[in-house]
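# Chains, contacts and geometry: an overview
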Amino acid sequence: MDDGYHMLDNNSYEDVTAQFEQTSRDMEPGALMFNKDFPNPCQIGEPRFDSGLALLDDSRPPFDPLVPLLPEEVCWIIDRAFSCEIAWHTGYTLSQTVFSFLYVHALPDIDPDTISPHHHDPDRARPVELVSVVLRASVLGLLKCCDLAWRELVKGNVYDCEDWQSDKCDVPMSEAFPASRILGILDEACVWVRNSSRVSAVDVEDCAFPPPSPSKGRTRCSLHPFSNLTVDARRTFFSPAVKGLFSLRPLIETARVMLQHVRASPPPPPRSCSPAPHAFDPQFPRVLVSAIPLQPIQLPEQSKVWDTLAGLLDSLEQLSVLIEIPDLSTWDVVGTLRIWQPQPNQSLAYVRSAFQSAIHENGIILNKYLQKHAVDCFLMEALQIPYDSFISSFQTRWVGPDSLPLRHIERTITELLVGRTKSHWYNPPRRRRYCMKSLFDWHKLYATLTDVQKHLSPVQSGMDVVTRLRSVVLMRRLETISDIVLSGFQLSLYSHLACLDEIIEVLPSPFIGSVRCDRQDDGLFLGAAETHFLRRYKWAFMHEYEDFDVPPVGHPNFLAFTTSCSVILQDKEFSPAEQAELAERLLREVDCGAWPNGRTLDSGSDEFVSKMAELCRDLRRLPKSMDELQTWDVEQLVWDPDGQPWFPVMRNRSSCHKEEGEDEDDASKDISNNSGDEVQVTQESKVIPKA
């Protein structure tokens, strides 16, 4: 023991040095000892558990927020600030993205009212106002946008740590500034840019940026589009908070024009001697108060940032159009298309939350209607009768001993319709979960209407409203069941059975010989399939259904399913190719011309139906008979939920379509020659855990 070490004068301490020394002599080099009451040695110093181990990069020069910047450098910094914001919207934390932008933490230092006079150098190429006026306004706008998005996201329409990350790390985000004040600061920055001759154009040869190409020794870069884009994009984001959704469209058009200008003339990347890159420190989150350990990330490329921003503008434009349409059925169709035909860059958590808030918030539907509006829409769409006629039909025919449960029926219809419409903007696992839970409520409503009908006098003439309403409720419930089944393909929940052949291949030979037989009679396969069936359709076997005298309709039945499969396999006249041809013909005949009330349909429905018809056309290459199925190569089918959420596609579909008049033998040769090509399926990586 070291002679300088002295035990404390306390009887509760024991000297265990000898035990450590003895144990260390008995251990092999690199060995570890574990004890349940003592921290795991692997956890001490592991970055995910002990973030204090990782030291900051001392090689970086200290950040000086008042370092003079060229206009091109300011443009590049504003660009990358947008990258930080978009990265947060895609699921990363604020500390990894926005808070790694060091000017966010230096706002007091760049306030023009507090900057000392010696910083006002006579350098005309690098005026201090570029930092204290232009860049400061951009940073304030960035933080206010994040603040407004955070307020929308925290409403509960989307889920923290699942759809987005809410941790602010105790960093202020301009919460105390009203949006109108931030817009004023941004406008002041634009006025300064327009009136200053020092930032209208700068020679590249005089700055720390290389020329964009060898053929152009000199070029000019204007700050105006960047400042205008900052203002117009922020104004678009602020508009719902200041004036509501109705004022979005003209702002969106202006922001698109500015975005085109910025994309047409991007600033060149800075050289190593430029101070611009030092404005971003990916390791800075380590000094923040964070609930979870974090690692540095790579910000998205600028082109992808602008694509995402363009998608955000498209989504807000769609929202501003839909908010003027009172029919919930229109919202339902648009939301369904969003689920089954997602558009790129239009599924940000902020957008999905904004749509849900517009549908229903604080008891108001579509920002201006009371709860009764949902029932009005439902009755007019399903029964073509107004709400008052519906009430009158019930009241005049009621002969039951108790009071008529009209309020309960209205409340249930409202909750189901609003919930279904909002669910189109959930993430896919959450939407499937909601649909499964709503099935019981639909059945409960169906059972209530069945019970009510028993206590109504017969209809003397005209339509029986209750009978029609029961059929509509049943149809909606069956539609929800269909959505649940199809969502299983989208989420790849049925892929477990595809591994059965691989499992059998690694089983011992005696066991394989005892269980291998035809697929439809394979006990191992049927057992696994039934287990999988009960797991995926557990919503159909809830014991709560036993509380109703009315049995549920349309629930899955494994025995009936396997029986139907067996019948199809034994039907020699059944042709999978003809079924695909029939489906294509029916889809070609679908008319998607107009919405209810004569509104022009968005091209999304036409595109969706057209793609489905094209898929069915391609699936006409399926076996023409069940005998042909026995030798048909199933590997020709490719399941890609990102491309087609419901059905498989054929390999090399683009090269295997038979042209008009093409010889049958030549077509078959083309198919056989291309059937072995590999099809790559890519899946976008997620930074947040799935539900």
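Before reading further, recall that the structure is shown in the block above.
Residues numbered from 1 in each chain as written. Predicted model: local features only at pLDDT ≥ 70, side-chain atom pairs only at ≥ 80, totals over all residues. Heavy atoms only, no water.

### Looking at helix α14 (residues 465-490)
As a reminder of what qualifies: Put simply, DSSP marks the helices as runs of H or I at least four residues long and the strands as runs of E at least two long, and each gets a number from the N terminus on. A helix is expected to span 1.5 Å multiplied by its residue count minus one. Polar contacts here mean pairs of N or O atoms no more than 3.5 Å apart (in protein, one a potential hydrogen donor and the other a potential acceptor; neighbouring residues in sequence count only if both atoms are side-chain atoms).
For α14, built from 26 residues, the straight-helix expectation of 38 Å at 1.5 Å per residue is met to within 8% by its first-to-last C-alpha distance of 37 Å. A side-chain oxygen of the first residue of α14 lies 3.3 Å from the backbone nitrogen of V466; this N-cap is D464. At the exit of α14 stands S492, carrying a positive phi of roughly 60°.

### Points about the packing of aromatic side chains
Two descriptors summarise a pair of aromatic rings, namely the distance from one centre to the other and the angle between the planes of the rings. Quick note on the threshold: Ring geometry is summarised as follows: Phe, Tyr and Trp rings, the Trp one being its six-membered ring, pair when their centres sit within 6.5 Å, and such pairs are stacked at plane angles under 30 degrees, edge-to-face over 60 and tilted between the two. Only protein chains enter the calculation, and the probe is 1.4 Å; a residue is then buried if its accessible area is under 20% of its type maximum, exposed if over 50%, and partly exposed in between. For a lysine, the NZ atom is tested; for an arginine, the CZ atom; a charge sits over a ring if that atom is within 6 Å of the ring centre and within 35 degrees of the ring normal.
Per the counting criterion, the structure on display carries 22 aromatic pairs. When the ring of Y426 is compared with that of Y434, the centres are 6.1 Å apart and the planes differ by 90°; the resulting orientation is edge-to-face. A relative accessible area of 16% means that Y426 is categorised as buried. Considering the side-chain rings of Y537 and W539, the 6.0 Å spacing of their centres and the 75° angle between planes classify their relative orientation as edge-to-face. Of the two residues examined, Y537 and W539, each falls in the buried class. An aromatic cluster of at least three residues, connected via ring pairs, comprises F63, W76, F101, Y103 and F280. Positioned over the ring face of W150 is K168, at 3.9 Å from the centre of the ring. Here R430 stacks its cationic end above the ring of Y159, 3.7 Å away from the centre of that ring.

### A look at the packing of helix α3 (residues 129-153) against helix α9 (residues 349-359)
Put simply, the test is: Where helices are involved, their axes are fitted lines through C-alpha atoms of the stretch in contact, as for all axes, and angles between N-to-C directions lie from 0 to 180°. Small angles under 35 degrees read as roughly parallel and large ones over 145 as roughly antiparallel, with 65 to 115 read as roughly perpendicular and the rest as oblique. By convention, the crossing between two helices is left-handed when the near helix turns anticlockwise from the far helix through less than a right angle, and right-handed when the turn is clockwise. Any pair of residues with heavy atoms lying within 4.5 Å of one another is described as a contacting pair. Classes in brief: Ala, Val, Leu, Ile, Met, Phe, Trp, Tyr, Cys and Pro nonpolar; Asp, Glu, Lys and Arg charged; the others, Gly included, polar.
The contact between α3 and α9 brings their axes to 9 Å, and the two run at 55°. Classified by the interaxial angle, the pair formed by α3 and α9 is oblique. When the axes of α3 and α9 are compared, the crossing they make is left-handed. For the pair α3 and α9, the contacting residues are A149, E152 and L153 in the first and A349, Y350, S353, A354 and S357 in the second. For the contact of α3 with α9, the class distribution of residues is five nonpolar, two polar and one charged.

### A word on unusual backbone geometry
A positive phi angle, close to 55°, is found at Q384, a residue other than glycine. Exposure remark for Q384: the relative accessible area of 52% places this residue in the exposed category. Even without glycine at this site, S492 takes up a positive phi of about 60°. Relative to the helices and strands, S492 is located in the loop between α14 and α15 (500-505).

### Some thoughts on the environment of L582
Residue position: L582 is located in helix α19 (residues 576-588). Expressed as a C-alpha distance, the spacing of L582 and C616, which sit 34 residues apart in the sequence, is 8.6 Å.

### A few points about the pattern of salt bridges
A side chain with one charge may pair with a side chain of the opposite charge, provided their charged atoms come close. So the rule is basically this: Here, a salt bridge means any Lys or Arg side-chain nitrogen found within 4 Å of an Asp or Glu carboxyl oxygen.
Applying the stated criterion across every chain yields a total of 29 salt bridges. Residues E361 and K155 are paired through a salt bridge, measuring 2.9 Å at the closest nitrogen-oxygen approach. Placement of E361 in strand β1 (residues 360-361) and of K155 in the loop between α3 and α4 (179-195) is noted, with a sequence separation of 206 residues between them. Here R397 makes a salt bridge to D464, at a shortest N to O gap of 3.1 Å. In this pair, R397 is assigned in helix α11 (residues 387-397) and D464 in the loop between α13 (428-453) and α14, connecting sequence segments 67 residues apart. You can call R397 buried: its relative accessible area is 10%. The structure contains a network of salt bridges with shared partners spanning D332, R420, R431, E479 and D483.

### Structural notes on the environment of E162
In this structure, E162 sits in the loop between α3 and α4. Along the chain, E162 and N427 lie 265 residues apart, while their C-alpha atoms are 9.1 Å from each other. In this structure the side chain of E162 is engaged in a polar contact, spanning 2.9 Å, whose partner is the side chain of R430.

### Regarding a positive patch on the surface
Going by this rule: Residues enter a patch when their relative accessible area is above 30% and they make no salt bridge; the linking distance is 9 Å between like charges and 5 Å between nonpolar side chains (Val, Leu, Ile, Met, Phe, Trp, Tyr). Computed with the Shrake-Rupley method and a 1.4 Å probe, the accessible areas treat only the protein chains shown as cover for residues. Asp and Glu count as negative and Lys and Arg as positive, but His and the ends of the chain are not part of the count. We put the charge of a Lys on NZ, of an Arg on CZ, of an Asp on CG and of a Glu on CD.
Residues R433, K437, R535 and K538 make up a contiguous surface patch of positive charge. Within the element layout of this structure, R433 appears in helix α13.

### As for the packing of α11 against α14
Taken N-terminus to C-terminus, the directions of α11 and α14 make an angle of 120°; their axes are 10 Å apart at the nearest point. Of the possible angle classes, the one that applies to α11 and α14 is oblique. Together, F390, S393, F394 and R397 of α11 and V465, V466 and L469 of α14 make up the contact between the two elements. Each residue belonging to the contact of α11 with α14 can be placed in one class, and the counts come to five nonpolar, one polar and one charged.

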